[in-house]
Amino acid sequence: MTSFDSRTFRDTLGQFLTGVTIVTAAAQDGTPLGLTVTSFPSVSLDPPLVLFYIDKKAGSHDGMVSAPGYAVHLLGGDQADLSNRFAARGIDRFAGLTYTRGLYGAPILPGAMALLECRTVQRVDAGDHTILIGQVERLDPGNRTRKPLGYLRGRYTAVAD
Ligand SMILES: Cc1cc2nc3c(=O)[nH]c(=O)nc-3n(C[C@H](O)[C@H](O)[C@H](O)COP(=O)(O)O)c2cc1C
């Protein structure tokens, strides 16, 4: 039993300011997978663990969950277009993009503010999402003076110092 509706729940959570990431992985046949993700808290320093959660209805859910690892691209303030591309439905999100392959074959997009490459160590069923906990095996800390892309109340927002 809950005393609130799902709209109120979403609106309440939407008041928590987050950064924006693109998470990528390779499907078993090598097909590149990727989606825009704001559910990216840091979890543990020792060992270095992060996580994100993916909607069970997402087209890339099964591929992401079965992949041995994933790459998290932290987006800079000038990358809202890339975020929109990786949230769009019914398009080939990688069309025309140049990328390399990182650990476990995950596509590595150029130009991210920072990058973390992870081995998936735990998959947790969580309601309508699956939580993928990853151990960070490689990272690019990027340029620490660059401004990040923020997300608040359903919109991108500039993050001030
Ligand atoms: C700012 C933003 C944040 C998002 N964060 C998540 C997230 O944390 N987890 C998730 O599963 N989908 C998230 N999405 C939705 C996905 O990016 C994507 O649109 C969705 O998975 C639909 O993909 P599909 O066409 O493959 O089904 C987010 C979308 C936006 C615009």
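No experiment lies behind these values; they were computed from the predicted model shown. (Residues numbered from 1 in each chain as written. Predicted model: local features only at pLDDT ≥ 70, side-chain atom pairs only at ≥ 80, totals over all residues. Heavy atoms only, no water.)

Draft legend 1. Seen up close, the site of the ligand. Around the ligand there are 17 residues in total, and Thr36, Ser39, Asp55, Gly59 and Ala87 lie nearest to it. With respect to the ligand, the backbone of Tyr53 contributes an N or O atom lying 2.9 Å from a nitrogen atom. At a separation of 2.8 Å, an oxygen atom of the ligand approaches a polar backbone atom of Asp55. Taking 630 Å² as the accessible area of the ligand by itself, protein coverage stands at 80%. Here the residues of the shell around the ligand sort into eight nonpolar, five polar and four charged. (Near = heavy atom within 4 Å. Polar contact = N/O pair within 3.5 Å; in protein donor to acceptor, adjacent residues only side chain to side chain. Areas by Shrake-Rupley, 256 points an atom, 1.4 Å probe, with all protein chains shown as cover. Nonpolar A, V, L, I, M, F, W, Y, C, P; charged D, E, K, R; others polar.)

Draft legend 2. Seen up close, the sheet that holds strand β5 (residues 49-55). With antiparallel pairing, seven strands are arranged side by side in an open sheet as β3-β2-β6-β9-β10-β5-β4. The open sheet terminates on both sides in strands that have one partner only, identified here as β3 (32-37) and β4 (42-44). Taking each pair of neighbouring strands and ignoring which way they run, the sheet shows an average axis angle of 35°. Pairing analysis gives six bridges linking strand β2 (residues 21-26) to β3, with the strands arranged antiparallel. Paired with Ala25 across the strands is Leu33, a residue of β3. (Pairing = 2+ DSSP bridges. Helix = DSSP H or I, 4+ residues; strand = E, 2+ residues; numbered from the N terminus. Axes fitted to C-alpha atoms, helices over the stretch in contact; angles between N-to-C directions.)

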